[in-house]
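So you can see what is in the structure, the chains are spelled out below.
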Amino acid sequence: SQQGEEDPQALSIQEGENATMNCSYKTSINNLQWYRQNSGRGLVHLILIRSNEREKHSGRLRVTLDTSKKSSSLLITASRAADTASYFCATSRSGGGADGLTFGKGTHLIIQP
Amino acid sequence: DTAVSQTPKYLVTQMGNDKSIKCEQNLGHDTMYWYKQDSKKFLKIMFSYNNKELIINETVPNRFSPKSPDKAHLNLHINSLELGDSAVYFCASSRLSGRMTSYEQYFGPGTRLTVT
């Protein structure tokens, strides 16, 4: 069953502005990851945050995780045209062993030049 | 020096045919996966293999069968293709580290399957 729900489904902003995407999930998790998918391409891992972490930074990316609300947010600061892509949150189920990721529906981000 | 590669990139075939998609990773990862992305861009895990052992087998039709000749390869074979199988199929790999940790996954470029 689908685990993550991204919000908004689509987001269009001007270059230089910040973009915030939210993700909610339903069950307990080991970690939550964010991926980017450019049109017609595979997914690229952006950042991973573990269930015992609350915030993580990587370059222009900032991810927060609130396990009590089962939600996460991805903030992209100072957006660039090259950030135009679909962004997915994905959760890894607890329980050990090899996990497949459970993906949300994604947010399509458009950066207007 | 592509990390995760898939062939073919595009596959157009008729209903009822049998086809295979190949996947190879050169990252030294010990776990590989197959995902299906439908027309609405929803991604769903199909299979994962760890040390030649099937770990996850989601509720996919048994017409789909993963085959792993070695740790670097996980091929997807599909029998009796149906219209609903049309989608983009992604291979991925990761490094398994302990029972409670899943590391980031590296995805291939995808194979767009069209069944007519």
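Residues numbered from 1 in each chain as written. Chains lettered and ligands numbered in written order. Predicted model: local features only at pLDDT ≥ 70, side-chain atom pairs only at ≥ 80, totals over all residues. Heavy atoms only, no water.

1. As for the environment of Ile110(A)
Residue and element names in this part refer to chain A. Residue position: Ile110 is located in strand E11 (residues 107-112). Classification of Ile110 as partly exposed rests on a relative accessible area of 33%. Taking the C-alpha atoms as reference, Ile110 lies 7.8 Å from Ala81; in sequence the two are 29 residues apart. Setting aside its immediate chain neighbours within four residues, Ile110 contacts Leu11, Ser12, Ile13 and Thr84. (Helix = DSSP H or I, 4+ residues; strand = E, 2+ residues; numbered from the N terminus. Buried < 20%, exposed > 50% of the residue type's maximum accessible area, 1.4 Å probe, protein only. Contact = heavy atoms within 4.5 Å.)

2. Description of the pairing of strand E4 (residues 31-37) of chain B
A regular strand places its side chains so that they alternate between the two faces of the sheet. Residues and elements named next belong to chain B. Of all seven residues that make up E4, six are buried, and the element is covered over most of its length. The pairing of E4 with strand E5 (residues 43-50) spans seven bridges and is classified as antiparallel. Across the sheet, the residue bridging to Trp34 is Phe47, located in E5. Connecting E4 to the next strand, E5, in antiparallel fashion are five residues, including Lys41 with a positive phi near 70°. Summarising the sheet, E4 and strand E9 (residues 87-94) pair through seven bridges and their orientation is antiparallel. Of the residues in E9, the one forming a bridge with Met32 is Ser93. (Pairing = 2+ DSSP bridges.)

3. Considerations on the sheet that holds strand E1 (residues 4-7) of chain B
Residues and elements named next belong to chain B. Strand order in the open sheet made by the four strands is E1-E3-E8-E7, with antiparallel pairing throughout. For this open sheet the edge positions go to E1 and strand E7 (64-70), each flanked by a neighbour on one side alone. Sheet twist, expressed as the mean angle between neighbouring strand axes with direction ignored, is 20°. Bridging between strand E3 (residues 19-25) and strand E8 (residues 73-78) involves four bridges; their strand directions are antiparallel. (Axes fitted to C-alpha atoms, helices over the stretch in contact; angles between N-to-C directions.)

4. Digging into the environment of Glu104(B)
Relative to the helices and strands, Glu104(B) is located in the loop between E9 and strand E10 (106-107). Taking the relative accessible area as the measure of exposure, Glu104(B) reaches 22% and is therefore partly exposed. Sequence-wise, Glu104(B) and Ile55(B) are 49 residues apart; in three dimensions their C-alpha atoms are separated by 17 Å. For Glu104(B), the contacting residues outside a window of four places in its chain are Gln33(A), Tyr35(A), His45(A), Leu48(A), Ser93(B) and Ser94(B).

5. Things to note about the environment of Ile55(B)
All names here are of chain B. For Ile55, the position within the fold is in strand E6 (residues 53-57). Given the relative accessible area of 35%, Ile55 is considered partly exposed. C-alpha separation for the pair Ile55 and Tyr33, spaced 22 residues apart in sequence, amounts to 9.7 Å.

6. Remarks on the pattern of salt bridges
Residue and element names in this part refer to chain B. Inspection of the entire model under this criterion finds five salt bridges over all chains. In this structure, Asp85 and Arg63 form a salt bridge, with 2.8 Å as the shortest nitrogen-oxygen distance. With Asp85 in the loop between E8 and E9 and Arg63 in the loop between E6 and E7, this residue pair connects regions lying 22 residues apart in the sequence. By relative accessible area, Asp85 is classed as buried at 4%. (Salt bridge = Lys/Arg side-chain N within 4 Å of Asp/Glu carboxyl O.)

7. Things to note about the nonpolar core
Inside soluble globular proteins, nonpolar side chains tend to come together where they are buried. Residues and elements named next belong to chain A. Grouped together as the largest cluster of nonpolar side chains are 22 residues, with contacts concentrated most on Leu32, Trp34, Leu74, Ile76, Tyr87 and Leu109. Secondary structure elements with two or more residues in this core: strand E2 (10-14), strand E3 (19-24), strand E4 (29-37), strand E5 (43-50), strand E7 (61-66), strand E8 (71-76), strand E9 (85-93) and E11. Those residues in contact with Leu74 that sit more than four places away from it in its chain are Ala19, Thr20, Met21, Trp34, Leu46, Leu61, Arg62, Val63 and Tyr87. (Core = buried A, V, L, I, M, F, W, Y, C linked by side-chain atoms within 4.5 Å.)

8. Considering the state of the cysteines
Under the counting rule described, the total for this entry stands at two disulfides over all chains. Disulfide pairing places Cys23(A) opposite Cys89(A) at an S-S distance of 2.0 Å. Handedness here is read from the sign of the S-S torsion; for Cys23(A) and Cys89(A), about 65°, the answer is right-handed. With a gap of 66 residues between them, Cys23(A) in strand E3 and Cys89(A) in strand E9 connect regions that are remote in the sequence. In this model, Cys23(B) is linked to Cys91(B) through a disulfide, with the two sulfur atoms separated by 1.8 Å. A torsion of -75° about the S-S bond marks the disulfide between Cys23(B) and Cys91(B) as left-handed. With Cys23(B) in strand E3 and Cys91(B) in strand E9, this residue pair connects regions lying 68 residues apart in the sequence. Using a relative accessible area of 0% as the deciding quantity, one classes Cys91(B) as buried. (Disulfide = S-S within 2.5 Å.)

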